[in-house]
Each structure stands twice: as structure tokens, then as C-alpha cells.
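Here are the chains, one letter per residue:
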Amino acid sequence: MIYMLEDEAGIRNFVLYALNNSGFDAMGFELPSQLREAMEVRLPDLLLLDIMLPEEDGISVLKKLRSSRRTKNLPIILLTAKGTEFDKVAGLDSGADDYIAKPFGTMELISRIKALLRRTSAEAAADITCDGIAVDTEKRRVTANGSDVNLTRKEYELLLTLIRGKGKVFTRDELLHNVWEFDYSGESRTVDVHIRTLRAKLGSCGDIIETIRGVGYKVGTKHD
Ligand code: CA
């Protein structure tokens, strides 16, 4: 089941129609309060979330969902207007799994939905350990030498990408593409900043992330 929170009936109906035609069950809501009521009864597998809404903006809805234990891992795609709003959302670690700029084609939207659903079900599949670091992908819980590590969503995804690709050197662009998953024009410093905080949070385990000068980063195999 996919929920969509979008106040413009035209867009809402158009997307719901396309989703139904692609074999998805989908329900649309005009107001944040209506979405909240529906969520209490049943959580969707994925949420499409508009930003400019009556009652409350989408970013605030998103933050509330992320701060609740029940919905903190809910897959969410933000629907943003092109231009400054998109840039602002894309540049922040807003907690969304993906972003798509309006106007979008239904083919693109559906392929993004499928990719996100694939990713979340693959993530739910396995526990991963690496040199003192353990990742419980179902609970999105990370421990370093047995202590809990509190990571932001992007730091978590960055760590998971590096560990899953153990031994491979990732360029900053590859990490941007894998973790931020949209056409991010060139802010590779974003990766460096996240790597720095990630290493710091991992404490003595932080040195599993190696800097490959002039290229990018990798999680090495030195202790194997
Ligand atoms: Ca709107």
C-alpha cells in the first residue's frame, strides 16, 4: 500500500491512477490530519509526500514521522517544486529517502518507488558485521565494539554502502549517487562532511573507513 499526501487534487488523482495501473494499491490524502488518521489504522509500505500543504508543511510532517518509533524507517519520497525548494530539500539531511521534482513523469516516479521498495526490502534482509561494527539492518541499529552508535539516516546509508562494498574504492560521486540518489550537481564536500562525522561517531572503529587520496573512500579488509 502506498499513501500519497498531496493537496492538489489533479496531481493526486493522476498519480493514484498511474499507481493503480502499475499494480500498486494506493490511497491519497489532501490534509496532514487525514494522513495521520489513516496511519493510525494502517502504515503504508511507502509514502509520497508533498511539501506545500495546508495545515502543516511536508518537512514538518516528515520530521514528526521520523521522530516516532513506529514510522522512523518508513520509506518516504518527497515531491518538491523545481528550483530553490528542491535545492533546499536536497541539500539538507531532511530524512527523506528520495526526492522528485515537480513536474515529474509517472514512469520516473514509479521507477523511483520500485527502487526504494527494493532497497528497503533488501536492507531488511540481513545483519552485517565488519571489524567491530555490527549493523542490524532491520532495526537500523549500529554498534561499534558493542556500544550503540547514533547515526543520521545519511550517515547510516553511507556506512552501509561502504561496508556492503567492502574492498571497493567509492568515488565521492558514486557515494552521492548511491546515498543521496538524485542528480546532485557536484557538492562532493557533502560526502567529506558526512564521512568525518561518521568516523567520529564510530570512535576507535572509525578507522575502518580509509581515505583514498584523490579518489574517495573505502572500507578496507586489513583485519581479515
Ligand atoms: Ca501542494
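Coordinates for the structure precede this section.
Attention in this report is confined to the structure presented alongside it.

The rules behind these values
Residues numbered from 1 in each chain as written. Predicted model: local features only at pLDDT ≥ 70, side-chain atom pairs only at ≥ 80, totals over all residues. Heavy atoms only, no water. Core = buried A, V, L, I, M, F, W, Y, C linked by side-chain atoms within 4.5 Å. Buried < 20%, exposed > 50% of the residue type's maximum accessible area, 1.4 Å probe, protein only. Helix = DSSP H or I, 4+ residues; strand = E, 2+ residues; numbered from the N terminus. Contact = heavy atoms within 4.5 Å. Phe/Tyr/Trp six-rings, centres within 6.5 Å; stacked < 30°, edge-to-face > 60°. Lys NZ or Arg CZ within 6 Å of the ring centre and 35° of its normal. Pairing = 2+ DSSP bridges. Donors = N, O, S within 2.8 Å, 3.2 Å for Na, K, Ca; no water. Axes fitted to C-alpha atoms, helices over the stretch in contact; angles between N-to-C directions. Salt bridge = Lys/Arg side-chain N within 4 Å of Asp/Glu carboxyl O.

## Observations regarding the nonpolar core
Step number 1: By size, the foremost hydrophobic cluster in this structure holds 28 residues, and its most contacted members are Ile133, Val142, Leu202 and Ile209.
Step number 2: Those elements that provide at least two residues to this core are strand 6 (127–130), strand 7 (133–136), strand 8 (141–144), helix 6 (153–164), helix 7 (172–180), helix 8 (189–202) and strand 12 (216–219).
Step number 3: Looking at this core, the element that brings in the most residues is helix 6, giving 6 residues.
Step number 4: Apart from the residues within four sequence positions on either side, Ile133 is in contact with Ile128, Val142, Thr143, Ala144, Leu159, Ile163, Leu202, Cys205 and Ile208.
Step number 5: Listed in part, the 20 residues of the second largest apolar core include Leu5, Leu47, Ile76 and Ala96.

## A closer look at the packing of aromatic side chains
Step number 1: Overall, the coordinates contain 1 aromatic pair when judged by the stated rule.
Step number 2: Measuring from ring centre to ring centre gives 5.1 Å for Tyr3 and Phe29, while their planes differ by 80 degrees; the resulting arrangement is edge-to-face. Here Tyr3, found in strand 1 (residues 2–5), pairs with Phe29, found in strand 2 (residues 26–29); they are 26 residues apart in sequence, far enough to count as distant.
Step number 3: The class for Tyr3 is buried, based on a relative accessible area of 2%.
Step number 4: For Phe29, a relative accessible area of 8% translates into the label buried.
Step number 5: Cation over ring: Lys168 sits above Phe170, and NZ or CZ is 4.8 Å from the ring centre.

## Here we look at the pairing of strand 12
Step number 1: In this sheet, strand 12 lies alongside strand 10 (residues 170–171) in antiparallel orientation, the contact comprising 2 bridges. Residue Phe170 lies in a different strand from strand 12, and its bridge partner there is Tyr217.
Step number 2: By the bridge criterion, 4 bridges tie strand 11 (residues 209–212) to strand 12 in an arrangement that is antiparallel. Each residue of the ladder has a partner; that of Ile212, found in strand 12, is Gly216.
Step number 3: Hairpin connection, strand 11 to strand 12: the antiparallel pair is bridged by 3 residues, and Gly214 has positive phi, about 80 degrees.

## Structural notes on the coordination of the calcium ion
Step number 1: Note on the calcium ion: its protein donors are Asp7 (OD), Asp50 (OD) and Met52 (O). The metal-donor distances range over 2.2 to 2.3 Å.
Step number 2: Of note, the donors binding the calcium ion are all from one chain and are spaced D-x42-D-x1-M.
Step number 3: Its relative accessible area of 59% is what places Met52 among the exposed residues.

## Concerning the sheet that holds strand 12
Within a beta sheet, neighbouring strands are joined by backbone hydrogen bonds and run either parallel or antiparallel to one another.
Step number 1: Across the sheet, 3 strands lie side by side as 10-12-11; this open sheet has antiparallel pairing. Strands at the two margins of the open sheet, each flanked by one partner only, are strand 10 and strand 11.
Step number 2: Sheet strands in contact with helix 6 are strand 10, strand 11 and strand 12, and its direction is about 65 degrees off that of strand 12.

## Details of unusual backbone geometry
Step number 1: Geometrically, the link from Lys102 to Pro103 is a cis peptide bond, its omega value of -5 degrees lying close to zero.
Step number 2: Inspection of the secondary structure assignment puts Pro103 in the loop between strand 5 (98–102) and helix 5 (106–123).
Step number 3: We note that Asn145 has phi near 50 degrees; this positive angle belongs to a residue other than glycine.
Step number 4: Along the chain, Asn145 turns up in the loop between strand 8 and strand 9 (147–149).
Step number 5: Judged by its relative accessible area of 53%, Asn145 is exposed.

## Focus: the pattern of salt bridges
Step number 1: All chains considered together, the criterion is met by 14 salt bridges.
Step number 2: With a shortest N-O distance of 3.2 Å, Arg36 and Glu56 are connected by a salt bridge. With Arg36 in helix 2 (residues 32–41) and Glu56 in the loop between strand 3 (46–50) and helix 3 (58–67), this pair connects stretches of sequence that are 20 residues apart.
Step number 3: Look at Arg36 and you get partly exposed, because its relative accessible area is 36%.

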